[in-house]
Amino acid sequence: MSGLPATPASSVPVLALGDVLLVTLQGELHDATAEQLQDHISHRIAHHPVPVGGVVIDISGVEIVDSFLGRILAEIAANARLLATRTVVAGMRPAVAITLVELGLTLPGLVTALDVDRALSLLGRGPGSAAPAHPEGDA
Amino acid sequence: MQVAEHDTADGVAKELGGFLERRREQIAQRWADAPLFRTVFTVSRDEAVEACKAVVDALADVARSGRLEDVQAPGFAAVRDQLGRMAASRTQAGFSSSQIAGEVAGLREPTLTLLRAEFEDSSSEHLEACLLALTVLMGTLRLVVMETSVSAGEELIARQQLQLLEVATPVIKLWEGIVAVPLIGTLDSARSQVVMESLLEAIVDQRARYAILDITGVPTVDSLVAQHLMKTVAAARLMGAECIVSGIRPAIAQTIVHLGIDLGTIITRAGLADALAYALTEQGIVVSQGPAQGGSPR
Amino acid sequence: MHAPPAPTARLPIASDADLAWVRQQVRQAAAGLGFGLVQQTKLVTAASELARNTLVHGGGGHVEMTTLEEGAARGLRLSFVDNGPGIRDVDLAMTDGYTTGGGLGMGLSGAKRLVQEFTLDSRPGEGTTVTVTDWAAGLPSPRTGAP
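Reading the values: the criteria
- Residues numbered from 1 in each chain as written.
- Chains lettered and ligands numbered in written order.
- Predicted model: local features only at pLDDT ≥ 70, side-chain atom pairs only at ≥ 80, totals over all residues.
- Heavy atoms only, no water.
- Helix = DSSP H or I, 4+ residues; strand = E, 2+ residues; numbered from the N terminus.
- Buried < 20%, exposed > 50% of the residue type's maximum accessible area, 1.4 Å probe, protein only.
- Contact = heavy atoms within 4.5 Å.
- Axes fitted to C-alpha atoms, helices over the stretch in contact; angles between N-to-C directions.
- Parallel < 35°, antiparallel > 145°, perpendicular 65-115°, else oblique.
- Left-handed = near helix turned anticlockwise from the far one by under 90°.
- Nonpolar A, V, L, I, M, F, W, Y, C, P; charged D, E, K, R; others polar.
- Pairing = 2+ DSSP bridges.
- Right-handed = clockwise from strand over helix to strand, strands pointing away.
- Core = buried A, V, L, I, M, F, W, Y, C linked by side-chain atoms within 4.5 Å.
- Buried area = accessible area lost by both parts, 1.4 Å probe.
- Salt bridge = Lys/Arg side-chain N within 4 Å of Asp/Glu carboxyl O.
- Polar contact = N/O pair within 3.5 Å; in protein donor to acceptor, adjacent residues only side chain to side chain.

- An unreviewed UniProt entry annotates chain C as Anti-sigma regulatory factor of Streptomyces griseorubiginosus.

- Looking at an unreviewed UniProt entry, one finds chain A named Anti-anti-sigma factor, with Streptomyces griseorubiginosus as its source organism.

1. What to know about the overall build of chain A
Link 1 in the chain: Per the secondary structure count, chain A includes four helices and five strands.
Link 2 in the chain: Going from N to C terminus, chain A has its helices and strands arranged as β-β-α-β-α-β-α-β-α.
Link 3 in the chain: Residues classed as buried in chain A amount to 53% of the 139 residues present.
Link 4 in the chain: Across chain A, every contact between residues at least 6 apart in sequence was considered, and the portion connecting residues at least 24 apart equals 73%.

2. Section: the packing of helix 3 (residues 24-31) of chain B against helix 5 (residues 45-65) of chain B
Residue and element names in this part refer to chain B.
Link 1 in the chain: Relative orientation of the contacting elements helix 3 and helix 5 amounts to 125°, with a least axis distance of 8 Å. With respect to helix 5, the axis of helix 3 lies oblique. Judged by the twist between their axes, the crossing of helix 3 over helix 5 is right-handed. Across the interface between the two elements, Arg-24, Glu-25, Ile-27, Ala-28, Gln-29 and Trp-31 from helix 3 touch Arg-45, Val-49, Cys-52, Lys-53, Val-55, Val-56, Asp-57 and Leu-59 from helix 5.
Link 2 in the chain: Partitioning the contact of helix 3 with helix 5 into residue classes produces eight nonpolar, one polar and five charged.

3. Points about the sheet that holds strand 4 (residues 87-90) of chain A
Two modes of strand pairing occur in sheets, parallel and antiparallel, and in both the strands are linked by backbone hydrogen bonds.
Residues and elements named next belong to chain A.
Link 1 in the chain: Ordered in space as 1-2-3-4-5, the five strands form an open sheet in which the pairing is mixed. Strand pairing shows two members of the sheet lacking a second neighbour, strand 1 (14-17) and strand 5 (111-113), which therefore form its edges. Pairwise comparison of adjacent strand axes, ignoring direction, gives a mean angle of 25° for this sheet.
Link 2 in the chain: Of the strand pairs in this sheet, strand 3 (residues 54-61) and strand 4 are connected by four bridges, and their pairing is parallel. For Val-55, the partnering residue across the bridge sits in strand 4 and is Thr-87.
Link 3 in the chain: The sheet contacts of helix 1 (residues 31-47) involve strand 1, strand 2 (20-26) and strand 3, and relative to strand 1 the element is tilted by about 30°.

4. Section: the pairing of strand 2 (residues 178-184) of chain B
All names here are of chain B.
Link 1 in the chain: Of all the seven residues making up strand 2, five are buried; the element is thus mostly covered by neighbouring parts of the structure.
Link 2 in the chain: In sequence, strand 1 (residues 172-175) turns back onto strand 2 through a hairpin of two residues, with Gly-177 there showing a positive phi of about 80°.
Link 3 in the chain: Summarising the sheet, strand 2 and strand 3 (residues 210-217) pair through six bridges and their orientation is parallel. If you follow Ile-184 over to strand 3, its bridge partner there is Gly-217.
Link 4 in the chain: A crossover links strand 2 with its parallel partner strand 3, the connecting element being helix 10 (residues 189-205), and its sense is right-handed.

5. Quick word on the nonpolar core
Link 1 in the chain: Residues Val23(A), Leu25(A), Ile203(B), Leu213(B), Val26(C) and Leu78(C) are the most contacted members of the largest nonpolar core, which totals 99 residues.
Link 2 in the chain: With nine residues, the single largest contributor to this core is helix 11 (residues 223-239) of chain B.
Link 3 in the chain: Beyond its immediate stretch of four places on either side in the chain, Leu78(C) contacts Val26(C), Leu43(C), Ala47(C), Val63(C), Glu64(C), Met65(C), Val130(C), Thr131(C) and Val132(C).
Link 4 in the chain: By size, the runner-up hydrophobic cluster in this structure holds 49 residues, among which are Ala13(B), Phe76(B), Met86(B) and Val144(B).

6. Quick word on the interface of chain C and chain A
Link 1 in the chain: With 24 residues of chain C at the contact, the number on the chain A side is 20 residues.
Link 2 in the chain: Taking both sides of the interface into account, the surface hidden between chain C and chain A amounts to around 1,900 Å²; carbon and sulfur atoms contribute 58%.
Link 3 in the chain: For the pair chain C and chain A, the number of links is six salt bridges.
Link 4 in the chain: For Glu102(A), the salt bridge is made with Lys42(C), and the minimal N-O distance between the two is 3.8 Å.
Link 5 in the chain: One can count ten residue pairs in polar contact (both at pLDDT 80 or more) joining chain C with chain A.
Link 6 in the chain: Of all the secondary-structure elements, those providing two or more residues to the side of chain C that touches chain A are helix 1 (16-32), helix 2 (37-56) and helix 4 (107-114) of chain C.
Link 7 in the chain: Here the side of chain C that touches chain A gets nine residues from one element, more than from any other, and that element is helix 2 of chain C.
Link 8 in the chain: When the residues that make up the side of chain C that touches chain A are grouped by side-chain class, the tally is ten nonpolar, seven polar and seven charged.

7. Observations concerning the sheet that holds strand 2 (residues 61-70) of chain C
All names here are of chain C.
Link 1 in the chain: A sheet is described by the order of its strands in space; here five strands give the open sequence 1-2-3-5-4, paired in antiparallel fashion. The two strands at the open ends of the sheet, each matched to only one other strand, are strand 1 (8-13) and strand 4 (117-123). Direction aside, the axes of adjacent strands within the sheet are offset by 15° on average.
Link 2 in the chain: By the bridge criterion, six bridges tie strand 1 to strand 2 in an arrangement that is antiparallel. Within strand 2, the position partnered with Ala-9 by the bridge is Met-65.
Link 3 in the chain: Its contacts with the sheet place helix 1 against strand 1, strand 2 and strand 3 (73-82), and it is angled at close to 160° to strand 1.

Here it is in structure tokens:
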């Protein structure tokens, strides 16, 4: 729905880091912005000049994840998977993790990492990517 | 003369109120040196004097309302918070509530002296009545303070219990990227909560990829605690770390199975050492015996 | 002894932006009462779920925020009120995974797990009120009968 041109000002920027898309979420996220982001990422994966090697969503700046945002994150990962791309959610805060678990959302399909560095090495990119100890396939 | 009015209890109470109002400054000056005020209001003597005045005002208010024996008299409401803080501060300094009550009782004497001086010329019966009224009022103040000091003590105990919980669950770094909590003793819901929070915090602080929950020292696990363990594992996973539960004793394993809780998705190891070995291997770290030990490679 | 009349804030819930505003206000109030970070996060998340319910299922409404004081205990009460269609089967709506709104169906049941006290009052055709209350941890509950 956002069309081809640049996304509106209120939206979340999606940076290309080599063949990896890096999304940094921060502070308050309106529902509409989150939904927009979901479309935008699918669009970027589908139209990227080179095949996208992975999507990293940094949520270290996010103070709460409710079931709505949880669903959006899960759907971004599911959509990416359909487009043959892996998604890693990085930097979830302890309080957010405890709350999500209590809420009943363990998001089993989601691959997670402590921070963006770890996420990149999990995707086989970035420094110290020698041996990804946990390819997500072995779960 | 005004004798008729003076000798009704209400009249005496009103007169006492008037006395407290007139002698506010002198009473406050004398009280300010008492340990109860001096050790609590330490910024300046003026601060202590002001605090004393607030209490004198409250007493005058109570006296005027004629409710000398009423702990719930509205006059006390204005200073209840202040008295609570004073009691709490004395409690923290190690005083028991009866010692604090004793300190409050100590405020009576200087006030009685002033009252005697003021009513020097009255009839002795009248003086007696006023002294008695003041004694009753000071007794009531003592009760009010005792009440607040008891609740201040409870608050202190609650806070200490919380601190004890945190002390009793240390999270230790075993290796680069590996943290562990050795749990000892009974796990209840409150402690499980503290364990979960401190372990997850440690994961962030130490950038730990592996977190070991060692329950070798835990005698029993009920369903609530088992659920807490599961939640901790799930939360760690959401943060990008892997949790390993070690030291599940046979009796506990049986309980867990009996409770119908599925540990299938959780990595478990027999002991802390096995859990550490697992975490090291997963990170590609090989620990070998030094050459001095000789020995044959296995 | 009862607490003095507690201050109450009333926030509208009519749009996306209102949800964000409610989250911020609840966070601020909870922090001001000395709630720990985890408890704050749980309460704000519950508020977000319930406010979204008010918006999506109730057709909008408002939330009332009340600070509570009982002895040494400090608490925060949030009442989410809408005049929407109401909930016909409350038990069903409280079931994990039950959804009519395309979410994950964790809204009501999940929110209940995140707070200490939870009550739901709904009449078909008249609307729904969900009230949640949380008390700051680490302090004893009001004394009931100490000597």
